[in-house]
Amino acid sequence: MVGLDVGTSSIKAVLGEINHINGINVLGLAQVPSSGLRKGNIVDIESTARSIDACLNELERLTGVEIMSALTGFSGISISAVSNHAVVAVGNPNYEITREDKERVLHSAQNIALPPDKTIVQVIERQYIIDGYDGVTDPVGMVGSRLEVEIVVIIAATAAIQNLQRSAQRINLHCDKIAYNQLLVAESVLTSSEKEMGVAIVDMGGGTTEISVFSQGSILSTSVLPIGGDYISKDLAIVLRTSIEDAVRIKEDCGVAAPEMARDDVIINARNIQGNDVRQVSQQLVADIISARVIEMVEMIYTELQQLTYLDKLAGGLVLTGGGAQLAGIVEVMEGYMDIPVRLGLPENIKGLVGDINIPRNSVALGALIYGFKHMEPAIVDTRAGVSSVFHKVNYWLKDLFS
Ligand SMILES: Nc1ncnc2c1ncn2[C@@H]1O[C@H](COP(=O)(O)OP(=O)(O)OP(=O)(O)O)[C@@H](O)[C@H]1O
Ligand SMILES: [Mg+2]
């Protein structure tokens, strides 16, 4: 299975196989710079398609496996989540709940008035309630007269989804299965007790920051802010009068999130925009510039999170992931500001990842593997057919669920 993360800064793709003894085995991960996106939205289909193609080619080269389809993460500032609820009377005279009852109640709960340019991307069943007894995950076969469901619906701009699908079509990639990035991240970074107790995930990327609240095991609310690590790089480039590329390098190699984390004896070389002259700047100056933006972003995240939930409900605290989380000291700054525990979100739910793969930036792509495998029907691999029968099943599943 392939997990694909089409980000504003970079495209990441990962190929994994599952085996029932060792779990998920990552066979390769590729990352290439992305072009064609702004703030998580595709603004140029051709460039985006070329970037995805380059990334998948790289992954094919690394693994020797031909890639036909991918479970693709979806994000962008058009995303929102709506909670809804519906009740139906159980039709069957002996009150055994059937698949049809389940479909009927789910269908009724999805009856949400949407503006014409918006689409439901995903429906998450939070729980079923049978005759007042809550916490049921699958009601089929149970007995009761009144069936209720609570769902969360992820909504996005129709055009944004279509642009992603068109980019994939350009390179003949099947991406009939897409999933909201935060559901994928949750798979790779959260523990089940965090999800149960209440936790916020913040994925700070290059152009966007996604924020979600999970409780009682699933997503409750979400929002996407049009800010990310690129803000910091741009500021650095302007103040240091250097190129964006050099600013990114300086930020990633020597940047710290707060002035008191800078060391006096660290001196950084900054090239001028033309690239023909080098100036020396102190880490202190770099930290001052970065920290101004970090504080601004943390304030925005805090305000948004308060719109989504009461902070004291987040017994599991906040988990910060995405490339932006790789800035030295940002977890500490955030924890100081937020007044709840903050930890770094590494994609550690896949065991045995080596250092350069086990980083916050890869949380979406690796989460897609777990998500995909969880939702896949158990494949019976007969040794003669080998891997191909597994892929056959996966393809079947992709078509099945995403049609
Ligand atoms: N070591 C580091 N220190 C600071 N920032 C870093 C580091 N490594 C990566 N970043 C920043 O993380 C950002 C990219 O993160 P990521 O790859 O998660 O974004 P993306 O998924 O491409 O974008 P988006 O999610 O916004 O669409 C960039 O701004 C990059 O500079
Ligand atoms: Mg991202």
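Every chain's residues receive numbers from 1 upward, in the order its sequence appears when written. Chains carry letters and ligands carry numbers; both start at the beginning, A for chains and 1 for ligands, and go up in the order they are written. For a predicted model such as this one, the threshold for reporting local features is a pLDDT of at least 70, and the threshold for listing and counting side-chain atom pairs is 80 or more; totals across whole chains, interfaces and linings nevertheless cover every residue.

Visitor: Outline unusual backbone geometry, supporting the account with residue identities and numerical values.
Guide: In the Ramachandran plot, Asn172 falls in the positive-phi region, its phi being about 55° despite a non-glycine side chain. You can see Asn172 is positioned in the loop between α3 (158-170) and β11 (178-180). With a phi close to 50°, Arg241 is a non-glycine residue in the positive phi region. Structurally, Arg241 can be placed in the loop between α6 (229-240) and α7 (244-254). A residue is classified by how many C-beta atoms lie within 10 Å of it, and Arg241, with 12 of them, is exposed. Per the convention used, a helix needs a DSSP run of H or I reaching at least four residues, while a strand needs a run of E reaching at least two, with both numbered from the N terminus. Each residue is classed by its C-beta neighbour count within 10 Å, where at least 20 other C-beta atoms makes it buried, 12 or fewer makes it exposed, and intermediate counts make it partly exposed; the C-beta atoms are placed from backbone geometry.

Visitor: Describe the site of ligand 1, with residues and values.
Guide: Contact assignment follows one rule, namely that a residue is near a molecule or strand if its backbone-placed C-beta atom lies within 6 Å of it. Around ligand 1, 24 residues are found, and the nearest of them are Gly7, Thr8, Gly205, Gly229 and Gly323. At the level of secondary structure, the elements contributing two or more residues to the shell around ligand 1 comprise α6 and α7.

Visitor: Let's hear about the packing of α6 against helix α8 (residues 283-308): which residues, and what values?
Guide: A fitted line through C-alpha atoms serves as each axis, taken over the contacting stretch for helices, and the angle formed by two N-to-C directions is quoted from 0 to 180°. Interaxial distance between α6 and α8 falls to 9 Å at its minimum, and their mutual angle equals 145°. Judged by the sense of rotation from one axis to the other, the crossing of α6 with α8 is right-handed. Two secondary-structure elements touch here, α6 through Tyr231, Ile232, Asp235, Leu236 and Val239 and α8 through Val286, Ile289, Ile290, Arg293 and Met297. Tallied by class, residues from the contact of α6 with α8 come to eight nonpolar, no polar and two charged. Crossing chirality is assigned from the near helix's rotation relative to the far helix, an anticlockwise turn below a right angle marking it left-handed and a clockwise turn marking it right-handed. Once C-beta atoms have been placed from the backbone, residue pairs whose C-beta atoms lie within 7 Å are recorded as contacts. Side-chain classes are defined by residue name, with Ala, Val, Leu, Ile, Met, Phe, Trp, Tyr, Cys and Pro counting as nonpolar, Asp, Glu, Lys and Arg as charged, and the others, Gly among them, as polar.

Visitor: Lay out the domain arrangement of the protein chain in plain terms, naming residues and giving numbers.
Guide: Either an automatic procedure or a domain database provided the assignment from which the domain bounds are taken. Per the domain assignment, the segments of the protein chain are domain 1 (80-156) and domain 2 (229-295). For domain 1 versus domain 2, the separation of C-alpha centres amounts to 51 Å.

Visitor: Describe in detail the environment of Leu353, supporting the description with residues and values.
Guide: You can see Leu353 is positioned in the loop between β18 (342-344) and α10 (363-375). The exposure class of Leu353 is partly exposed, given the 19 C-beta atoms found within 10 Å. Apart from the residues lying within four places of it in its own chain, the contact partners of Leu353 are Val26, Pro347 and Asn358.

Visitor: Please give an account of the sheet that holds β11 that cites residues and values.
Guide: Following DSSP output, two strands are said to pair if at least two bridges run between them. With mixed pairing, five strands are arranged side by side in an open sheet as β3-β2-β1-β6-β11. Two strands in the sheet have a free side with no partner beyond their single neighbour: β3 (23-33) and β11. Within this sheet the neighbouring strands show an average axis-to-axis angle of 25°, counted without direction. Strands in contact with helix α1 (residues 45-63) are β1 (2-6), β2 (10-19) and β3; relative to β3, the strand with the most contacts, it is inclined by about 135°.

Visitor: Describe the packing of helix α4 (residues 181-189) against α10, listing the residues and the values that go with them.
Guide: If you want to describe how two helices pack, look at the angle between their axes and the distance between the axes. For the pair α4 and α10, interaxial distance at closest approach is 7 Å and the crossing angle is 80°. The angle between α4 and α10 places the two elements in the roughly perpendicular class. Together, Asn181, Leu183, Leu184, Val185, Ala186, Glu187, Ser188 and Val189 of α4 and Ser363, Val364, Leu366, Gly367, Ala368, Ile370 and Tyr371 of α10 make up the contact between the two elements. Within the contact of α4 with α10, the residues separate by chemical class into ten nonpolar, four polar and one charged. Note on terminology: angles under 35 degrees are roughly parallel, angles over 145 are roughly antiparallel, angles of 65 to 115 are roughly perpendicular, and the others are oblique.

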